[in-house]
Amino acid sequence: MSKKKNQSPVTSQTIGEGRVIRNTGSSYIVRLDNGEELQCRIKGNFRIKGIRTTNPVAVGDIVTVAKASDDADYITAISPRTNYIIRRASNLSKESHILASNLDLAILVATLREPVTTTTFIDRFLATAEAYSVSAALVLNKEDMWDDDDRELADALKNLYTSIGYPVFFVSAATGIGLKPLKEFISNKITLLVGNSGVGKSSLINALVPGTELRTGEISDIHHTGTHTTTFSEMIDLPEGGAVIDIPGVRGFGTIDFAPEEVGHFFPEIFRTSRDCRYSDCKHTGEPGCAVIPAVEEHYISESRYASYLSILEEASEEAGADKYRKPF
Ligand code: GDP
Ligand code: ZN
């Protein structure tokens, strides 16, 4: 990341440091350490080396703000990011969009039904979080709707994911069930919230941060007219300290460009087991001496996780122009 400044004739005076809490497209809202919020433009070159981004500055960034002699406020420098999540601006685009940076946690809000969140989707989210070095957790929402079968499934998912190392919370944004442990878990953290449309992400934010009523339910008129409103991330403070970052939609989340040989690194239990594979470049698709496939057969590694691994591997291999991998059993 370059911090080179533009050769601008405008002289500027540093105001201080703050965190970018909103991206409105043409400008950024920065909250200074003293709580003051400034609308800033960018001055300087903030490109990440080797990546073309549509937004050089992201929600979550710690930035230096200066006032120029034309009386506008500018972001003049970005502190090094501890991590960041990017997605391609569109499927065919070579440009990427930085969704958020400096995250302590990423949470996927999922539901067992209405709508169904598939384990493939969950695993794609988790692998993406691993790839970006962000801790991840799962929230299963709409617990109030579960029957006995749902509860059994929820318990199985909780066992599976906690055994790999991902905390799982059962909640109902509607009734408030289960919110207390979740609140405790996310307090004083900067948490990215991800979820397919309809899982209740907006309802959950409302439950966590009373007073953000505007976001639930149907898309409002404002959203129809202002395209920016629905496409940019926003940071929302939690009453207990910390904040959640809401990114509109999850299109593209989980489409990180994995290299085929990397995919196994982002499934912690597969990665651990792969140390016992005969070949260090084993892709666990039937190679001699593979330790992963027997571990799946003996249920040390879940079949659904392995299936997700294969689906991501297949996609990565297609992108890399390699042969398709087939499930060996
Ligand atoms: P979003 O698209 O993820 O932001 O979802 P919304 O928050 O708009 O919720 C989608 C629908 O699910 C709405 O009809 C909500 O009332 C409903 N909903 C959200 N949370 C719950 C919950 O915990 N239980 C039940 N039964 N319905 C919920
Ligand atoms: Zn192997």
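Before going into details, it helps to say that this report is about the structure given with it. Note that the coordinates shown come from a computational prediction; the quantities given were computed from them, not determined experimentally.

Quick word on the packing of aromatic side chains
Aromatic ring pairs are described here by two measures, namely the spacing of the ring centres and the angle between the planes. Applying the stated rule across the entire model yields five aromatic pairs. Residues Phe267 and Tyr309 carry aromatic rings whose centres are separated by 5.8 Å and whose planes lie at 85° to one another, so their mutual orientation is edge-to-face. Pair noted here: Phe267 is in the loop between strand S13 (243–246) and helix H7 (268–274) and Tyr309 is in helix H9 (residues 303–319), with a separation of 42 residues, a long-range link. Consider the rings of Tyr306 and Tyr309, whose centres lie 6.1 Å apart with planes at 25°: the pair is stacked. Highlighted residues: Tyr306 and Tyr309, both in helix H9, separated by three residues, approximately one helical turn. One Lys or Arg, Arg81, reaches over the ring of Tyr84 and ends 5.8 Å from the middle of that ring. When the ring centre of Phe170 is taken as origin, the NZ or CZ atom of Lys158, which lies over that ring, is 4.8 Å away.

Focus on helix H2 (residues 148–164)
Helical periodicity: at 3.6 residues per turn, an α-helix aligns residues three or four positions apart in one direction. Taking 1.5 Å of rise per residue, 17 residues should cover 24 Å, and H2 covers 25 Å from first to last C-alpha, within 8% of that figure. Buried within H2 we find Asp150, Ala154, Leu157, Leu160, Tyr161 and Ile164. The buried side chains of H2 occupy one side of the element, clustering within an arc of 130° when seen end-on. Among the exposed residues of H2, those oriented more than 90 degrees off its buried face are Asp148, Glu152, Asn159 and Ser163. Contact partners of the buried residues in H2: helix H1 (119–131), strand S9 (136–140), strand S10 (168–170), H7 and H9. Sitting at the head of H2, Asp147 places a side-chain oxygen 3.1 Å from the backbone nitrogen of Asp149. Gly165 lies just past H2 and shows a positive phi near 120°.

About the thresholds
Residues numbered from 1 in each chain as written. Chains lettered and ligands numbered in written order. Predicted model: local features only at pLDDT ≥ 70, side-chain atom pairs only at ≥ 80, totals over all residues. Heavy atoms only, no water. Phe/Tyr/Trp six-rings, centres within 6.5 Å; stacked < 30°, edge-to-face > 60°. Helix = DSSP H or I, 4+ residues; strand = E, 2+ residues; numbered from the N terminus. Lys NZ or Arg CZ within 6 Å of the ring centre and 35° of its normal. Expected span 1.5 Å × (residues − 1). Buried < 20%, exposed > 50% of the residue type's maximum accessible area, 1.4 Å probe, protein only. Arc of directions from axis to C-beta. Contact = heavy atoms within 4.5 Å. Polar contact = N/O pair within 3.5 Å; in protein donor to acceptor, adjacent residues only side chain to side chain.

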